[in-house]
Each structure stands twice: as C-alpha cells, then as structure tokens.
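Structure assessment
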Amino acid sequence: MGLREYVIRRSIYMFLLIVAVVCFNFFLFRLPTFVFGVSPVDLMISDELKRNLTRDALQQLYERFGLVPDPDIFDWIYMFWRYIVNMFTGNFGISFVSQKPVMDEIMARLPNTLLLMGTSSIVSIILGIWTGVKVAADPGSRKDVSAVTVALFIYALPIFWLGMMLLMIFAFYIPAATNDIISFPLSGTIDYQVWVEAKNDPLGTLIIAGNIMHHLVLPMIALGVGGYGGYFLYMRNNLIDVMTEDYILTARAKGLDENQVLYKHGLKNAMLPMVTIIAMTFGFLINGATLTETVFNWYGLGRYIFDSLVILDYPVVQAIFMIIAITAILANFIADLLYGVLDPRIKYG
Amino acid sequence: MVVHEHGGLIVSDSRKGGWKDSNWYVSLSGFWREYRKHKIGILGILVLGFYVGMALGAPILATHDPSPTAKVAPSFLAPSWMSIFDPTGVTTGEYMPDPLLNNAEANTIVKTGSKSDEFSGVHYTDSDGEGYVNLTWDHSPGEMDWRLLDPSGQMPDTLSFIYFKQNIPWSFNKLPSDVNMTLELSVTMTGDFATREEGGLMFKVYMWLIDSSGNWQRIYRSFPPYNEEFQSRRIDLNYFDMAAGWGGMITDESGNQEDPLDELTVAVGLAPTDNFRNYLGSNPENEYEGSVTVTFARVSMLVYGNYFGILGSTDKGADAWSQLVYGAQVSLTIGVVATALSTAVGVVVGLIAGYFGGKVDEMLMRVVDFLLVIPSLPLMMVLAAFLGQAQETIIVVIAILGWTGTSRLIRSQVMAEKNKAYVESARAIGASDTYIIFRHVLPNVTPILFANITLGVVGAILAESGLSFLGLTDPSKPSWGRMLADAQGTGGFSAGAWWVVVFPGMMITILSLAFTFVGHTLDQVLNPRLRER
C-alpha cells in the first residue's frame, strides 16, 4: 500500500472518528436531562419568568436557544438532526449566560490560551530535548540520575499547586519584602487600567504587550515546568534506546567520535517519535489548562469551559469540547502522516 | 558495554525462554535483590508505608473534626510551632481565673445606686463542693433611680443594680483572635415577677468587659423566658467587643498604652430594665412586689490565641492537620481503587484484543482511539459535574479514562507472546482459550504491568486532586485538593496564611512522588530494555 492509499484510509478513519465524537458530544451534554430529568429549559427560564411571560414570548425564547419544552422522541430526533447540521456548519448557538454567539466568546479567549500554552510548550520542549540529549549520552551517571529524579519530581507535582506556590512567592511575599520593586500580578491577563490608558497612547501596543508579558511569566513558568518532565524523559529514553541499535554500533566501528555518533546518528533517529509527540502537543494547545488558568485567573478557554460547566451554560461547554476533540483528531492525523513522511522505514498498512 | 535483552521479562541470563522461569512469583526473591539496589525505590516504599499508616491511623492522629466546615477556631490561625518566632503571641486557653466560681475571694460582689438595699448577692458552696454566686433583687412598690442619659447604651437603665466581677491579667501585647464566653445561670422568680405574664421583661442579666480606664462594654444581655434549671449561654465576642476590652492594653508604636493596667474585668450583673418604669402605660415599679434570684454556676472565657493546632486553621476555622490526615485516606483510596478498576478493565480488554485479534481487536482498539482523542480533564469535569460528587462516582470517572494505556500495553505484549511455542503447545494439548490466557499469557505480561499500575496511581491521585481543586468532589469530605481550593478561593496566602497552601500540596507531591519512584524502579528492574547489565 502506498502513501496515497494510506492517506485516504486515514482520512476516512479520521472522518468517522469526528462523527463519533460529534454524536458522543450530543449525548454527553444531555446526560443531566436523561439521567436526572433536568430540562435545560428549567435552567434557562425560571418558573417565575414562565408564569409572567406570554405564550408567544416564551415560544420566542425557546426558539432563540433551540430548546423544546417536554421533548418527546420525535423532538429528540429533530434536536439531534439540527445539532448535527449546526455542528458541521460551525453554528454553535448562543451562550445561555452572556446571550452572545458561543463562537464569539471562544474567539475572544482563544488568543490568550494559545499564547499561554504555546510559549510554555515551546519552553518545555526545548528544555526537555536539550537536557534529554545531554544526559542520554551517559546513562546511569550522577548527572543522569539527578536529572531523572528532577523529572520524576515534576511528573508527581500537581501543576496547579506549583502555580499557587509561584503566586505566593513571586506575587505576594517577594513584592512585600522588596517594596514592590520585584513584583508579579496576582491574577488576570491584563490590567484594565493599563489597557484604558494605553488605548490613547501612540506606543499603546507596546505597553499592552509588556503588560501581558508581565502577567504571562508566572503561568508560563508553571506550565512550562509541568510539561518539561514528560518531554525530558521521553527524549532521554528514546535516545538511550536508539543508542543500542546496530547502526550506532556501526557508526562507532567506523571510528566516528562520540559526539558525531550522538548528534548525527542518535539524535536524528530519536527525534522522529519526538516530532509526532510535538505535533500532538500542538493539537492539544487549544485544550488550555483549566487548573492553571483557574489559579492565575487567566482569561482563556480552559477556565471558560470550567466556569461555563459550573453555571450549566452547556452550549459553551459543548462547543469547546467539540473543538478540542476535533483539533486533537486532526493533530493525531497530522502526526501520523508526519511520522510516515519523516521515517522512510515506516511501511504503510 | 550496554547489552539489552528484548521482548522478555525478568529472567537470569542463563535461563531464558521458558515461561515458568519468567513467572514473577518464582523470581520474587531475585526481583527483590534487583529492586533494593535502587535507592529511590526503597525510599518510595518507605514513604508509601508512612502514608498508609497515616490513612489507617487517621482517627487517632486527627486532633479535631476533619470536616472542612467544622469551625473549631478562628480563621487562618498559624500553626502552634510558629509561636517560637513570636513570643508576644497570645496562647489559646481558658482565661477566667475562677470559671467555675469555686473561690469566694475571686468574685467581688458590687452594688450600686441609691436603691442598692433592694439588691443582695452571695457566694456559696453546695454539698458537692461546687461554688455558685447568687444575685437577688427583692422589690417592693416604689420608684427606682433611673438613668436619664446613657449615650453609649452599654449600661443598664437604672443606676441601681448588682454585679459580681473577676479580674483577668493580660500579659500579651496582642488582641485575641477570638473569644468565646460561656455563662451558666438559673433564674428563680417570686411574687409578681412569677405570676405576671410580662414579669420576665422587667429585668435582665448583663455581662460586661470593663477595662482599667473604667470603660464598660456590654457583651451580653438576657432575654426571657427564664428557667429555674441551669442553662448555659454561649457568647461569641465580635471584633468591637474585643477592641473595646483588650485594645487599650496594647502598647502602640510610640510606646503608649491607653489603659493604665494590663488587666481586664469581667462583670456579670442583674438590673431592672426600662419596662419596669413604664410597661404599656402601667408603672410596674409601683405595683410589683416580689423577687428575682439569679444563680450563676459558671462564667468561663475561652480565648483563642494567634496560633492553633499542629498545622493551623483554615479559612473556615477548621483544623488543617485533621483534614490533612484524613486527606491521605481519600487520596490513597481513590488512587488505588480507581487504578485497580482501570487496570482490570485495561487488562481484560488488552487480553481479549491481543489474543483474539481480528474484528474484536479492531473494534476494541477503535474505542481506545476514541477515548484517547477525547480531552481527558474536560471530560472528567463534565462527567463529575453531571454524575455527582460521591467518592464512588469520582473513582469511576477517573477509571473510565485510565484504562486505555494499559489495554494497549497488554495487547502488544499478548500479541508478542501468543505465537510463542509454549502457547502453541498448550493449545495443542487441548487447553481452552481462557485457560491459556489466564494461566500462560497473563503471568508473562504481569511484570510489565506493575510499573504501569504505580504510574497509573499517580495519574489518579493527581486527577482527584485536580477535580477536588475545582470543587467537583464531595464538599463535606476533607481532601488535599479541596484544602488548596479553599486556600485559593479565600485568598489564603494574601492573608499571609502560607501554611494552608504549602502543606496540602506537599502531601500530594510527596505521595505521588513515592508512587513515581516505585513505578520508575519497577520499570528499571522489570523492563529489560532499560536495564543495564
């Protein structure tokens, strides 16, 4: 089977997976209705409002949010059909709470999430690969053991707690000790005051960027450290594995010096699985980091999905969930292809 | 020279290939010999033992009610051992010199006003040796001397009343963080006070704090109905009461002290009220004939200091140490049970998929693929929010997403094992599929499972702490994630309370680190690809 056929097969498979996720999503977010009989209408419109509104006004409200009071089986089929159509046409409905289109709400938060997740992922990937290669040259050495111990420690560390500790130290105790000379913001993405002032400033963009960077530092460190352990261990184990292959032995036998063997022959091969992992990472970027965003009060998707879940604003949760899953599927697909393209030894099948 | 053995299990070099040799229980002692070479593995086991002890001994170790909402102290009190750094800090305790009123000399009885002959007071000891103070007001028709103007509103309505007092020396230079007073009293009424319906409205029992400058702060006044049985009243002083009572005794930055003495007086008294002058148009003072006797059995004052318990108190005033100890139970239970559940499912799915292959394999692996692309934390959040907060629900929610990795691992191992000669021969002599799977294949893939299980526990513990941090678990159960959520939600460290942030997170980290260490060591010992010879 050639590459072409492989791509087609994977594409069909990917499409089926997306359909499965879409269907799963529909039933997942109607669980409260199925299990507890809580109608979204009840969440949306209080009894008092129901009594006070005219029949026509109520009908309009229902239509606006796509709700059906007391649905029977045909209503469910109709709702499911409309849901499928909406999902594939990118119409995610209106938020129960803000009354704005869900897509607008998501788009407002997406850049923040991508900024936070992107920078922290890049930091942890670079650090992970770099230190992984450094210690893999000499497994079992003191350096290796201590680096692995640190990585295991990070693996065991709850990242939201790391975030809280960073906040406590760098946004509370150090500012208090240094009279605010060194200080980091306690929460948020940007200071409202700065934003208002910078709007009329010719250099406003720079000031805003600086302010956002200032807010970004602590959550980025927390997430960067959190991701580092995994990349490091993966890189190290891969490389150690590769270094036992026969072609490495051949390279050594040729009389190449150890550095050349490590970087030219070892690293190149060990990077292959790493590339797919990185591709996957970028698929999950949009996922956000609910816990870290909650700790730092970061205005991003991760916190938004949780906040919406708590107030049962389920058009929002459903839409974000959907987008996350589809991005993950696409990233998986791309990672698969990439692996095939990069490694000529892979047989498609 | 690094040599790796492939696809096999822990076996000695000379005896390789036979399935019996690689059974983990056969080579248990060999395994232990290998394991104990790894220091971090030993450390991990020791720490785990410590945590298990903590979880099992929680009822003994906990000093207070572990419920996060059980208020046992003021909010955000520092751990007791921190008082070393602060010698002027107030220590928690009973501060009344004679709370049970056993000592006649400690209780001074004072009468005031021109009609003070209507009042009498006495300290006495009953046959059991318990002391009481009796305050009596015996009224015969006639006018009382009324207080005409009392802007502070702290004093009774008449100038004539009776009280008894105790003095409390206060050597600290700080306000208490909270004060609870308990008053035990019985009231006996005779004459018109007893017969008339409104008799109970004619007098009140008061309690005051009197500082050494002579300022009175009323902290309690009684309301009917009264009872001849002893009843106790609990009085929780508010900030203004404490500031009025103790504030003057604190030296300010320039070295001044408002009150001359470091001494506070607590007075408990009985006085007529304004109703006695004019009650709905009548004048009870000119009509009433009778007496009121109030007997006090106890006046105690529990002062909360600036320090509390082993690890201080939380935002809700609960004991942090007790929650921390019980949190070990929650984390260990959820971590172990959820992993056991997900491992069981993963092993069964992996065995079936790997052993039978074909359509079954295809179907199961598609389910696994599906679960792997679903974002895990959001899904857990959604399920936990929809299905409820019970511990069992959380376990199931964590397990639902935890089995996919295990099943893939087992499947690949089984696929490697199933074509080996020993399986063939077992099949040839007529062994059933179930027998081959559980007797031959499973024991051979078991070792690789152990590292997977311990690392799975870490994932489950972290998932649980994350879910409880988001407030999706049972709010009445103490758990480390929940403690951190409370600390975060109420601005724990902004209040300077670092101990509510540091310790719960440390417990999570150390526990999962111990599991990680054990898992990593198992991986090193059991996974030959990583082992060095």
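All values derive from a computational prediction rather than experimental measurement.

Ile320 of chain A together with Leu270, Met380, Met381 and Ile398 of chain B are the most contacted members of the largest nonpolar core, which has 205 residues in total. Residues contacting Leu270 of chain B, with those up to four places away along its chain left out, are Leu135, Trp137, Phe161, Ile162, Phe203, Val205, Val292 and Val294 of chain B.

This next bit is on the domain arrangement of chain A. Assigned domains of chain A: these are domain 1 (3-87) and domain 2 (107-311). Computed from C-alpha atoms alone, the centre-to-centre distance between domain 1 of chain A and domain 2 of chain A is 37 Å.

Glancing now at the packing of helix 8 (residues 358-373) of chain B against helix 10 (residues 391-417) of chain B. All names here are of chain B. Packing of helix 8 against helix 10 brings their axes to within 9 Å, and their N-to-C directions diverge by 130 degrees. One way to sum up the angle between helix 8 and helix 10 is to call them oblique. Handedness of the helix 8/helix 10 crossing: left-handed. Facing Val368, Leu371 and Leu372 of helix 8, the residues of helix 10 in contact are Leu401, Thr404, Ser407 and Arg408. Grouping the constituent residues of the contact of helix 8 with helix 10 by class yields 4 nonpolar, 2 polar and 1 charged.

All names here are of chain B. Read from one edge to the other, the open sheet built from 5 strands follows the order 2-5-10-7-8, with strand pairing classed as antiparallel. Two strands lie at the open edges of the sheet, namely strand 2 (108-112) and strand 8 (216-221), each paired on one side alone. Neighbour-to-neighbour, the strand axes of this sheet turn through a mean angle of 25 degrees, independent of strand direction. Pairing geometry for strand 2 and strand 5 (residues 161-169), over 5 bridges, is antiparallel. In the strand pairing of strand 5, Thr112 is matched with Phe161. Taken strand by strand, helix 5 (residues 239-246) contacts strand 7 (203-210), strand 8 and strand 10 (263-272), and its axis lies near 140 degrees from that of strand 8.

Below, the discussion takes up the packing of helix 12 (residues 246-253) of chain A against helix 13 (residues 258-284) of chain A. All names here are of chain A. Here helix 12 crosses helix 13 at 145 degrees, and the two axes come no closer than 10 Å. Crossing geometry of helix 12 relative to helix 13 is assigned as right-handed. Here Tyr247, Ile248, Ala251 and Arg252 of helix 12 come into contact with helix 13, specifically with Val261, His265 and Gly266. Of the residues that constitute the contact of helix 12 with helix 13, the class distribution is 4 nonpolar, 2 polar and 1 charged.

Residues and elements named next belong to chain B. Helix length check: helix 7 (residues 320-356), at 37 residues, gives a terminal C-alpha distance of 53 Å against a target of 54 Å (1.5 Å per residue), a fit within 8%. Among the 37 residues that make up helix 7, 27 are buried, leaving the element largely enclosed by the rest of the structure. Following helix 7 by one or two positions, Gly357 has its phi on the positive side, about 65 degrees.

Residue and element names in this part refer to chain B. With respect to the secondary-structure elements, Phe172 resides in the loop between strand 5 and strand 6 (178-189). For Phe172, a count of 18 C-beta atoms within 10 Å corresponds to the partly exposed category. Each C-alpha atom of the pair Phe172 and Asp262 lies 8.6 Å from the other, and the pair is 90 residues apart in sequence. Those residues in contact with Phe172 that lie beyond four places of it in its chain are Thr88 and Val90.

What follows concerns unusual backbone geometry. Cis geometry is found at the peptide bond from Pro224 of chain B to Pro225 of chain B, where omega equals 5 degrees. Within the element layout of this structure, Pro225 of chain B appears in the loop between strand 8 and strand 9 (231-236). The backbone phi angle of Gln99 of chain A is positive, close to 65 degrees, even though this residue is not glycine. Since 9 C-beta atoms lie within 10 Å of it, Gln99 of chain A is described here as exposed.

In this section: the pairing of strand 6 of chain B. Residues and elements named next belong to chain B. By the bridge criterion, 12 bridges tie strand 6 to strand 11 (residues 290-304) in an arrangement that is antiparallel. Each bridged residue has a counterpart across the sheet, and for Val179 the counterpart in strand 11 is Val303. Here strand 6 runs beside strand 9; their pairing, made up of 6 bridges, is antiparallel. Across the sheet, the residue bridging to Leu185 is Gln231, located in strand 9.

Definitions and cut-offs
- Residues numbered from 1 in each chain as written.
- Chains lettered and ligands numbered in written order.
- Predicted model: local features only at pLDDT ≥ 70, side-chain atom pairs only at ≥ 80, totals over all residues.
- Core = buried A, V, L, I, M, F, W, Y, C linked by C-beta atoms within 7 Å.
- Buried ≥ 20, exposed ≤ 12 C-beta atoms within 10 Å, placed from the backbone.
- Contact = placed C-beta atoms within 7 Å.
- Domains from an automatic or database assignment.
- Axes fitted to C-alpha atoms, helices over the stretch in contact; angles between N-to-C directions.
- Helix = DSSP H or I, 4+ residues; strand = E, 2+ residues; numbered from the N terminus.
- Parallel < 35°, antiparallel > 145°, perpendicular 65-115°, else oblique.
- Left-handed = near helix turned anticlockwise from the far one by under 90°.
- Nonpolar A, V, L, I, M, F, W, Y, C, P; charged D, E, K, R; others polar.
- Pairing = 2+ DSSP bridges.
- Expected span 1.5 Å × (residues − 1).

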